[in-house]
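Geometric and topological summary
Each chain is listed here by its residues.
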Amino acid sequence: MSGPIHIRKDETFTLNVGPQHPATHGVLRVKMEMDGEYIVKAETVLGYIHRMHELMGENRTYPQVLPNLSRLDYLGAMGYTHGHVLAVERAAGIEVPERAEYVRAIMVELNRVASHLFWFGAFVMDLGGFTPLMYAIEDREYILDMLEAVTGSRLTYCYFRFGGLYNDVDDDFVNAARAFIPRMRKSLKKYDALVTGNIIFRKRLENIGPISAEMCRKYGATGPVARGAGIDFDVRKNEPYSVYPEFDFDVPVYHECDSLARYKVRMDEMEQSLRIIEQGLDKLPEGPIMPKKKPKLIKPPKGDYYQAVETARGSFGIRIVSDGTKNAYRFKLRSPTYSNMSLFDEACEGMMIMDALAMMGSLDLVIPEIDR
Amino acid sequence: MGAYFSEIFLGLWSLLIGLGITFKEFFKPVVTVPYPFKTIKMSDRYRGHIELVEDESGEPKCIACMMCQRACPSGCISITTKTEKYEVEVDGEMKTKKRKILIGWDLNFTTCSLCGQCVESCNKDAINFSKEYNLASFNKEDFHFDLLNRLKERNS
């Protein structure tokens, strides 16, 4: 049961969670005004690892910004790079070969599974269960090995290029990905039995940490947080980009609005990602991975360009205002976690501190992406 | 009352299922590597720090065109050159011409983000990635690589 029994304003104290605290998964600081174990007021303090990625984007040429995008979110780097390349391709009018589009979709979905797996492990660890983290990391390692063999890097891939890819996937990758899908399906069943059914886990999440659809709309929350509140919104379905219209997949939506709903959305999303990977591997066409005609220096014509993509955490938008030179005039990143985290202040009022931290875990915060 | 006991029973049963799964994991093969004693081989495409590539005669392929230095987002490559005059015979006449000679190729690995833009921008395939990853050090100066010297040491 959440909700305060009594709040005496005269006897509150301030509790600092973070900036160095394992529950915040990074350098996020939460200033909490507490009445015993109940939160009266919470205030999130940001900016501990602000690195001015937007300004860097304005001072560097378009290809030079590519490595920056991977540093936004180190768990789902592919999706963010995808947003950037799509935005610049739209701006400069570069055609992308079909094979490159399919490989991109497969890579992004693999990375989404890896990101959700790590979130799953860390989230259960927040609630006090250490073992599932080890199982999740073992499965994630298979994905990272696959991606490393193709891209050459384990976390900050920098694999997509304007118009295509850095290098082509080989048969080894296709075979490894095919072998991974049944393995992952088996693991998902294992997680379901080990964690989702667990009575301690359910008691800590069911009907706790309510985030309503109205609150999501107010703060602009997207991704699994909004889908756990009953909002059926997925950029891949609502504003299709790349080759996503070709794939047959569902968007899991739960209407319970509690922490468990957000957990279930992510677990179901992994299954849907596997479906997309399966279809992508079946349909993978032969052909080049870079277009024949590609401008040597990328100079998009004057204009204002926006592209949204669905990353593991929600809708990531990138806005490029070009003045016709090789640098962007304005480079704006709309990061999903920033909006998702903003509602924490309001949502956790009156909750007990361990419930609030469980809710924070269910938001899936990656701090470098908030501060960026 | 019945609901109370059934909840306790189902709760205990869910814990037993979890214990069964972890018990089965005991008998699975070990997937970790005891790192300092055993290492894993890096994949062929692994992106370590960059290394100069030599041609058949053992000289660096680099022609000091500065493409990589311009492509680098973090500005961690610095190439030093000098211009040398040399004489060449064209149609029976001796003519003096200038050429650029590579005298230094420094990589500041402390700011490198391993993005691979330099390797991609190179038109002569004169740089590639090394597979080295054991690069821990207490000294900052250890990460300022003089790649030209490294190439000479590798050849000698």
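Residues numbered from 1 in each chain as written. Chains lettered and ligands numbered in written order. Predicted model: local features only at pLDDT ≥ 70, side-chain atom pairs only at ≥ 80, totals over all residues.

Description of the overall build of chain B
Quick note on the threshold: Secondary structure elements follow DSSP: runs of H or I of four or more residues count as helices, runs of E of two or more count as strands, with numbering from the N terminus. Each radius of gyration is computed over the set of C-alpha atoms, and the globule rule expresses the reference value as 2.2 Å times the number of residues to the power 0.38. Any residue surrounded by 20 or more other C-beta atoms within 10 Å of its C-beta is treated as buried, while 12 or fewer makes it exposed and the intermediate range makes it partly exposed; C-beta atoms here are placed from the backbone. It is the C-beta atoms, placed from the backbone, that decide contacts: two residues are in contact if theirs lie within 7 Å.
If you tally the helices and strands in chain B, you get four helices and five strands. On C-alpha atoms alone, chain B measures out to a radius of gyration of 29 Å, which is more than a quarter above the 15 Å that the 2.2 N^0.38 rule sets for 156 residues. A principal-axis box enclosing the C-alpha atoms of chain B has dimensions of 110 × 35 × 30 Å. Here chain B holds 156 residues, and the buried ones make up 15% of them. Put simply, of all contacts in chain B between residues at least 6 apart along the chain, 71% involve residues at least 24 apart.

Here's the deal with the overall build of chain A
For chain A, the helix and strand inventory stands at 15 helices and eight strands. In summary, chain A has a C-alpha radius of gyration of 21 Å against a globular reference of 21 Å for 372 residues, a match within 12%. Counting only C-alpha atoms and orienting by the principal axes, one finds that chain A spans roughly 70 × 45 × 30 Å. Within chain A, buried positions represent 49% of all 372 residues. Contacts in chain A between residues at least 24 apart in sequence constitute 72% of all its contacts with a sequence separation of at least 6.

Details of the sheet that holds strand E6 (residues 303–311) of chain A
Two strands in a sheet stick together by hydrogen bonds in their backbones, pointing the same way (parallel) or opposite ways (antiparallel). All names here are of chain A. Formally: In this scheme, strands are said to pair when DSSP sees at least two bridges between them. Where helices are involved, their axes are fitted lines through C-alpha atoms of the stretch in contact, as for all axes, and angles between N-to-C directions lie from 0 to 180°.
Ordered by their spatial adjacency, three strands build an open sheet running E6-E7-E8, and the pairing between neighbours is antiparallel. Taken across any chain shown, the strands that pair with only one partner, and hence form the sheet edges, are E6 and strand E8 (328–334). Recorded for the sheet is a direction-independent mean angle of 15° between the axes of neighbouring strands. Looking at chain direction, E6 and strand E7 (residues 314–322) are connected through nine bridges and run antiparallel. Pairing of Gln307 across the sheet is with Ile318, part of E7. Lying on the sheet, helix H3 (residues 77–92) is in contact with E6 and E7; it crosses E6 at an angle near 150°.

Comments concerning the interface of chain B and chain A
Counted only if it meets this: Throughout, the ten residues Ala, Val, Leu, Ile, Met, Phe, Trp, Tyr, Cys and Pro are labelled nonpolar, Asp, Glu, Lys and Arg are labelled charged, and all others, Gly among them, are labelled polar.
Taken together, the 18 residues of chain B in the interface contact 20 residues of chain A. Sort the elements by how many residues they give to the side of chain B that touches chain A and helix H1 (residues 2–25) of chain B lands first, with seven residues. A breakdown of the residues in the side of chain B that touches chain A according to their chemical character gives eight nonpolar, eight polar and two charged.

Points about H3(A)
Residues and elements named next belong to chain A. Selection rule: By definition here, a helix of n residues has an expected span of 1.5 Å times n minus one.
Taking 1.5 Å as the rise per residue, H3 with 16 residues should run 22 Å; its terminal C-alpha atoms sit 23 Å apart, in good agreement. With 14 of 16 residues buried, H3 is to be regarded as a mostly interior element. Among the residues trailing H3, Gly93 stands out with phi positive, at a value near 65°.

A look at the sheet that holds strand E1 (residues 13–17) of chain A
All names here are of chain A. Ordered in space as E1-E2-E3, the three strands form an open sheet in which the pairing is antiparallel. Every other strand in the sheet has two partners, leaving E1 and strand E3 (38–45) as the edge strands with one partner each. Neighbour to neighbour, the strand axes of the sheet diverge by 25° on average, direction disregarded.

What about the environment of Lys85(B)?
All names here are of chain B. Within the element layout of this structure, Lys85 appears in strand E2 (residues 77–90). Its 8 C-beta neighbours within 10 Å are what place Lys85 among the exposed residues. C-alpha separation for the pair Lys85 and Tyr35, spaced 50 residues apart in sequence, amounts to 53 Å. Not counting residues up to four positions away in its chain, the partners in contact with Lys85 are Thr96 and Lys98.

Re the packing of helix H11 (residues 259–283) of chain A against helix H14 (residues 353–363) of chain A
All names here are of chain A. Test applied: Under this scheme an angle from 65 to 115 degrees is roughly perpendicular, one under 35 degrees roughly parallel, and one over 145 degrees roughly antiparallel; angles in between are oblique. It is the rotation of the near helix from the far one that decides the hand of a crossing: anticlockwise by less than a right angle makes it left-handed, clockwise makes it right-handed.
Contact pair H11 / H14: the axes reach a minimum separation of 9 Å and the direction vectors enclose 25°. Viewed along their axes, H11 and H14 adopt a mutual orientation that is roughly parallel. Two packed elements cross with a definite hand, and for H11 against H14 that hand is left-handed. Residues Ser259, Arg262 and Tyr263 of H11 form the contact with H14, whose participating residues are Ala358, Met359 and Ser362. Broken down by class, the residue content of the contact of H11 with H14 amounts to three nonpolar, two polar and one charged.

Re the confidence of the model for chain B
Quick note on the threshold: pLDDT gives the predictor's per-residue confidence on a scale running from 0 to 100.
Considering every residue of chain B, the mean pLDDT works out to 84; 100% of them sit at 70 or more. Two summary scores accompany this predicted model of the complex, namely pTM at 0.87 and ipTM at 0.80.

Points about unusual backbone geometry
Its identity as a non-glycine residue notwithstanding, Asp364(A) has a phi of 60°, on the positive side. Looking at the secondary structure, you find Asp364(A) in the loop between H14 and helix H15 (367–371). Judged by local crowding, Asp364(A) falls into the buried class, with 28 C-beta atoms found within 10 Å. Even without a glycine there, the phi angle at Ala64(B) is positive, about 55°. Of note, Ala64(B) is situated in the loop between strand E1 (50–52) and helix H2 (67–71).

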